[in-house]
Amino acid sequence: MTLSPLVKTSPLAGVYRRYPVKTELLAGWCLAQHFGHPEREQQQLLTGAVLVDWACLGKVSVSGRGAAEFLDQIVPGVAAVPPLASQRVGSLVALRLTVNDYLMLCLPDQTDSLVTHLEASSLTVIDQSGALGCFALAGSRRDEVLERSTALNLRRDSVLAGAVLQTTLHNIRCTLYRTADLEVILHSRNLSESLFDALMDVGIGVGLLPSGTLTLPITLLSS
Amino acid sequence: MQVRTQNAWPSVEFDLMAVNGWVVPLLPNLFYYKLFHKPKWLWPLAERVIRRIAGLGEVDRQAGERDVRYEKRYRFPDVCVVGGGPAGLAAGQAALVAGRQVLLIDDRPQLGGHARHSIAPVQDCREAALNQLPAYQAVRQLADQLKDHPRLEILTGTAVFGLYEDNLVAAQQGHDLFKIRAGAVVLAPGATDRHLVFENNDLPGILTARGVERLIADHRLAVGENAVVVTCHDGGYHTALLMLGAGTRVQAVVDARPEGQAGPFEQRLRQLGIPIYREQTIQAAHGDSWVTGIDIGSVDGSRCLRSFACDVVAIAVGFKPQLNLLSAGRCRPVWDSIRQVFRVPDLPPGVYAAGDVNGTASFAQLYEEGWVAGTVAAQGMPQPASERQTADLISALPAAIESGGTHHIICKCMDVTRQEVRCSIAEGFDAVETLKRYTSMGMGPCQGKQCYETVARLAAQDTGLPAEAAALTTLRPPFAPVSFGVLAGRSHHLQPVQRTPMHGCHQQAGATFVEAGRWQRPYAYSDPDQEARHVRQHLGLIDISTLGKLELSGPDALNFLQFLLPGKYGKLAIGRTRYSIMVGEDGILFEDGTLSRLATDRYYLTTTTGNQEAINALFQWWLTVESFNVQFKNLSAVYAAVNVTGPTARDFLQPLVDIDLANSAFPYMSSRSAQIAGIPALMFRIGFTGELGYELHFPAEYGEALWAFLLEQGQPFQIRPFGVEAQRILRLEKGHLIPGVDTDALTNPYEAGVGFAVKTDKPSFVGKAALSAFQQQGVASRLVPFMLNHAQDPIPEDGVAAFSEGKVVGRVTSSRRSPTLDKGIGLAWIAADLAQPKREFTIRLGSGQQVQATVLAQAAYDPDGTRLTS
């Protein structure tokens, strides 16, 4: 029997059906390229805020004693990074969650090789790419969305780019990774649609638009 | 704005309820505590009438139906300044100069506070550019300087209603609730006009001086035609000048102070020929629905000297600080006999006070105090003591002008009179807190903001205490009205919904959903009975992604499982699966699932949906406190899972996978790694439904694709999805229990019929001692499958009682009609002596009807398990 390869679906597949979404295949994932208004979405990135589905982002958790030393060979300097901070090499980002727990982020096509490499160690490695949802929140007014979503102090002069926070957004546990231009919000896949709806609900007032990879390509992770 | 009367009937112009003004004085003091209590039935009626007459507010029952957006927003400034008057603006400016991030909050639409209405020139101010400017221009200039500062956020039209521990400031702006956690808080809420008690002081037309100024300056309104200004400081003359400028005829200014040097505003009024009466004050107002005249006389109320016809009276008898936030239930204000106000001299660390809240002062002094407060707040230093110039202080008039009459209102919100306070004190309520509770003073919409000072001063005066001993009641938040909607926020964010990876497919298939914890699971796609029947006859597909999925590996994985679970797994061969239960240290059964050995040191455990997170946490905890060399992976969200079940399951799946599914190659209670449609999957041959079935666990991101693939490929086999209700029917036909549904917090494994999963002949494990004790003591009741005797009998509800010979012998835990057997079946707890095969018992339904049931020896369906194992 000859079968066409099955596609990986985003946890927001249900949301896609509510919008005139145009999808694209990205490393086997069916992801939103835009939500029906590409020009408006790109404009909103400049003047408001956009919420982009980055579910396809590679997400690999690594934990166990010696994790820092092992990962330091892949992401130099990560062993010296304190918990709740990150280290980046190219498009590979290591988020240090605790002393011995890391979450590695990478581009979708790098995931398999990263997992293979990591599994060679005695560490506990889980490919969480499908288990975790991932949003990129960007735009000049993204702070206004966050201030309505969490009780955590996210002031830019105290939570700097590169910081990692574990908090709840609308009662949903999230790991928040801050870059200079956007916030990466990682959360359980099962709650992704709920979180999307809650963020969009509070974001309406500041012009938050759902958007796709056309507005915010996933390669921006490495920029 | 929509304005409605509260307790006038039929209208304000023709108010028949005004008769109360005559009746109430004839009744005993606070009559509602004393009358209408006998006979008992009278009070509920009287209460309704009194409440209606009192004009209490009404709950807006349509509020929830309106499309109102309630937001909760958070701020984390270094310095939060409450109050946008001269002191607040200066504090903000100083904190900005010190390099801090500042949040400035004011309840008005524009910054400036009362200075916005003042034409008094600024003198000797630290900010030289402001000197000689009228105060209203000075604050405007100050606000303009600050408004675009990058480190300053200004929230106008925002009411701060609470200050809590660790500098948590709660504020409301429209439908938004701001929760502000500040490094330091500078409180500059200012002061409001002092309340003066005299006869008929609640008549419309009697206004506070600052209220009049605000109407003129902010709203461009001339208030009345003939006015009298009652004052005891220069501010009254300022008000009179503004009124003149707005076109109101000021008939007189009545000043309680003795003759002295006239200030610039008084001189101007004298030049304009406005009569000024010194050492006198208002004694009574006259009028029916509006003030039409007043009497003035000596300050002690003993002599009436003149009367005026007027339609507006502006009262300017000093200011009382807005102490609510400073007090916040923690710091009790004290009477400052020099400044003649209540003050809070000592504040908690991190809280600072500046401006009129410390007593009245000139613009320059307010600015100076604000600047210092802002500076020390930015640096986290203690605040220097507040200072005031003698010339700026205002002597307080007596709290009440004792000129006779019975309508001296103390609390305008609750209509409490001077006479009622006197009587209440005479009745023994002579402490200010009990006086407040008895009379309801300060318990109205303003929460005592208007009357708190008067109440305290009069209570002290009437109980013979010196002014310094006057005590305020405890000031508690909320200090400004705040709606429940604002406090609650939006409800639907409180309960996020968990969806399985195939949720969208279920929606498209028209499934109805049921909540299982936080999960939404398909209840059914059509008729659950039909779905169950279809599984028995053909092929069904169910989403079981909500199961917990845990993987344990490493040299100590087996030892850890033997320690945590009551079973023995040393002989569990690779590729085999075993039913497993979990008990607590008390031996109580709380969980079941399957344990599969995937490799020499690798095991895979499934848990029920409801216990998924708890079991994960439990495993993590034991691995932390015990030194097992185990790698533990919670794969619950990593894998989606389906169960393909029905007589044709093997025939359907065989061409789709890369392993041999023959019974000999993949027998019942086995597990295998396989590829299905190119996707790596774990396959388990187990049978919760009682039919030949295969569980497939595979990466969650393929959930929708594989679900659709299986439905498409299964068309020749008439594959259909089925929901949890059909699954419940199928499992009951097979007699499978569900922990938490068929068991409770007292159930041990032996009673539940799963004692076979307990092996006490192994070294120490969790719950061993308790299980051994349970084993020795025997069972008092058993969980048994049963079947109703008659096909037409209605199905018992879950939880109904079981009887035998008129005595309660147990209860039903789950029951459904079996579409296969066409009879009611279920599980029930029955006393051990009756829980024998073929014993009959009676079930009393919720309706009271009784039905007969028989205990079954084994499952109602396929008791030998032939279908499962074939």
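All values reported here derive from a predicted model rather than from experimental measurement. (Residues numbered from 1 in each chain as written. Chains lettered and ligands numbered in written order. Predicted model: local features only at pLDDT ≥ 70, side-chain atom pairs only at ≥ 80, totals over all residues. Heavy atoms only, no water.)

**With respect to the overall build of chain A**
Argument step 1. Looking only at helices and strands, chain A features 6 helices and 14 strands.
Argument step 2. Here chain A has a C-alpha radius of gyration of 17 Å; the compact-globule value for 223 residues is 17 Å, and the two agree.
Argument step 3. Expressed as lengths along the three principal axes of its C-alpha atoms, the size of chain A is roughly 60 × 45 × 30 Å.
Argument step 4. Taken across its 223 residues, chain A has 61% of its residues classed as buried.
Argument step 5. For chain A, the share of sequence-separated contacts (at least 6 apart) that also reach a separation of at least 24 residues comes to 63%.
Argument step 6. As displayed, chain A offers around 8,400 Å² of accessible surface, 54% of which is attributable to carbon and sulfur atoms.
Argument step 7. Mean positive and mean negative side-chain charge positions of chain A (17 and 20 charges, respectively) differ by 3 Å. (Helix = DSSP H or I, 4+ residues; strand = E, 2+ residues; numbered from the N terminus. Rg over C-alpha atoms; globule rule 2.2 N^0.38 Å. Buried < 20%, exposed > 50% of the residue type's maximum accessible area, 1.4 Å probe, protein only. Contact = heavy atoms within 4.5 Å. Areas by Shrake-Rupley, 256 points an atom, 1.4 Å probe, with all protein chains shown as cover. Lys, Arg positive; Asp, Glu negative; His and termini not counted. Charge placed at Lys NZ, Arg CZ, Asp CG, Glu CD.)

**Examining the domain arrangement of chain A**
Residue and element names in this part refer to chain A.
Argument step 1. Taken domain by domain, chain A holds domain 1 (8–56 + 131–222) and domain 2 (58–127).
Argument step 2. With centres defined by C-alpha atoms, the gap from domain 1 to domain 2 works out at 23 Å.
Argument step 3. Of the residues lining the interface, 17 residues belong to domain 1; the matching set on domain 2 comes to 16 residues.
Argument step 4. Between domain 1 and domain 2 the total buried area reaches about 1,400 Å² when both faces are included, carbon and sulfur atoms providing 69% of it.
Argument step 5. Counting across the domain 1 and domain 2 interface gives 0 salt bridges.
Argument step 6. For the pair domain 1 and domain 2, the interface holds 5 residue pairs in polar contact (both at pLDDT 80 or more).
Argument step 7. When residues of the side of domain 1 that touches domain 2 are traced back to their parent elements, those giving at least two are β10 (132–138), β11 (164–169) and β12 (172–178).
Argument step 8. Looking at the side of domain 1 that touches domain 2 residue by residue, the classes come out as 12 nonpolar, 5 polar and no charged. (Domains from an automatic or database assignment. Buried area = accessible area lost by both parts, 1.4 Å probe. Salt bridge = Lys/Arg side-chain N within 4 Å of Asp/Glu carboxyl O. Polar contact = N/O pair within 3.5 Å; in protein donor to acceptor, adjacent residues only side chain to side chain. Nonpolar A, V, L, I, M, F, W, Y, C, P; charged D, E, K, R; others polar.)

**Regarding the sheet that holds strand β5 (residues 159–164) of chain B**
Residues and elements named next belong to chain B.
Argument step 1. Taken in spatial order, the 4 strands make up an open sheet running β1-β7-β6-β5, and their pairing is mixed. Each having just a single partner strand, β1 (71–75) and β5 make up the two edges of the open sheet. Shown here is a sheet whose adjacent strand axes are inclined to one another by a mean of 20°, direction ignored. (Pairing = 2+ DSSP bridges. Axes fitted to C-alpha atoms, helices over the stretch in contact; angles between N-to-C directions.)

**Topic: the nonpolar core**
Argument step 1. W54, L95 and I185 of chain A are the most contacted members of the largest nonpolar core, which has 54 residues in total.
Argument step 2. Take this core: its biggest share by element is 6 residues, from β10 of chain A.
Argument step 3. Each of two domains, domain 1 (8–56 + 131–222) and domain 2 (58–127) of chain A, supplies a minimum of three residues to this core.
Argument step 4. Within the second largest apolar cluster, 37 residues are counted, among which are V79, A87, V139 and A364 of chain B. (Core = buried A, V, L, I, M, F, W, Y, C linked by side-chain atoms within 4.5 Å.)

**Let's talk about the side chain of Q365 of chain B**
Argument step 1. Structurally, Q365 of chain B can be placed in helix α9 (residues 363–379).
Argument step 2. Discounting chain neighbours no more than four positions away, the residues touching Q365 of chain B are E387, R388 and Q389 of chain B.

**A word on the domain arrangement of chain B**
Much of the literature gives interface size as the accessible area that the parts lose upon coming together.
Residues and elements named next belong to chain B.
Argument step 1. Its domain assignment divides chain B into domain 1 (1–57), domain 2 (71–192 + 321–392), domain 3 (197–316), domain 4 (510–731) and domain 5 (780–870).
Argument step 2. Computed from C-alpha coordinates alone, the two centres of domain 2 and domain 3 are separated by 30 Å.
Argument step 3. Taken together, the contact between domain 2 and domain 3 spans 9 residues of the former and 8 residues of the latter.
Argument step 4. At the surface where domain 2 touches domain 3, the tally comes to 2 salt bridges.

**Remarks on the pattern of salt bridges**
Pairing between side chains of opposite charge can happen when their charged atoms approach one another.
Residues and elements named next belong to chain B.
Argument step 1. One pass over the structure, following the stated rule, counts 49 salt bridges over all chains.
Argument step 2. Put simply, E453 and R457 hold a salt bridge, and the shortest N to O gap is 3.8 Å. Taken together, the residues span about one helical turn, with E453 and R457 both in helix α12 (residues 452–462) at a distance of 4 residues.
Argument step 3. Relative accessible area serves as the criterion here: at 1%, E453 is assigned to the buried category.
Argument step 4. What makes R457 buried here is its relative accessible area of 17%.

**Here we look at the packing of aromatic side chains**
Argument step 1. Within this structure, the stated rule accounts for 25 aromatic pairs over all chains.
Argument step 2. For the pair F35 of chain A and F196 of chain A, a centre-to-centre distance of 6.5 Å together with 20° between the ring planes defines the contact as stacked. You can see F35 of chain A sitting in the loop between β3 (29–34) and α2 (38–47) and its partner F196 of chain A sitting in helix α6 (residues 192–203), a full 161 residues away along the chain. There is no split in this pair, since F35 of chain A and F196 of chain A are both buried.
Argument step 3. Among the aromatic residues, those joined into a cluster by ring pairs are F560, F563, F619, W621, W622, F628 and F632 of chain B.
Argument step 4. Of note, K762 of chain B hangs over the ring of F765 of chain B, and the distance from its end group to the ring centre comes to 4.6 Å. (Phe/Tyr/Trp six-rings, centres within 6.5 Å; stacked < 30°, edge-to-face > 60°. Lys NZ or Arg CZ within 6 Å of the ring centre and 35° of its normal.)

**Remarks on the interface of chain B and chain A**
Argument step 1. Listed by partner, the interface residues are 42 residues for chain B and 39 residues for chain A.
Argument step 2. Our enumeration of links across chain B and chain A arrives at 6 salt bridges.
Argument step 3. In this structure, E193 of chain A engages R499 of chain B in a salt bridge whose closest nitrogen and oxygen atoms are separated by 3.8 Å.
Argument step 4. If you look at where chain B meets chain A, you find 15 residue pairs in polar contact (both at pLDDT 80 or more).
Argument step 5. Elements with a minimum of two residues in the side of chain B that touches chain A: β1, β24 (498–499), α14 (503–508), β32 (631–634) and α19 (703–713) of chain B.
Argument step 6. For the side of chain B that touches chain A, a count of residues per class yields 21 nonpolar, 9 polar and 12 charged.

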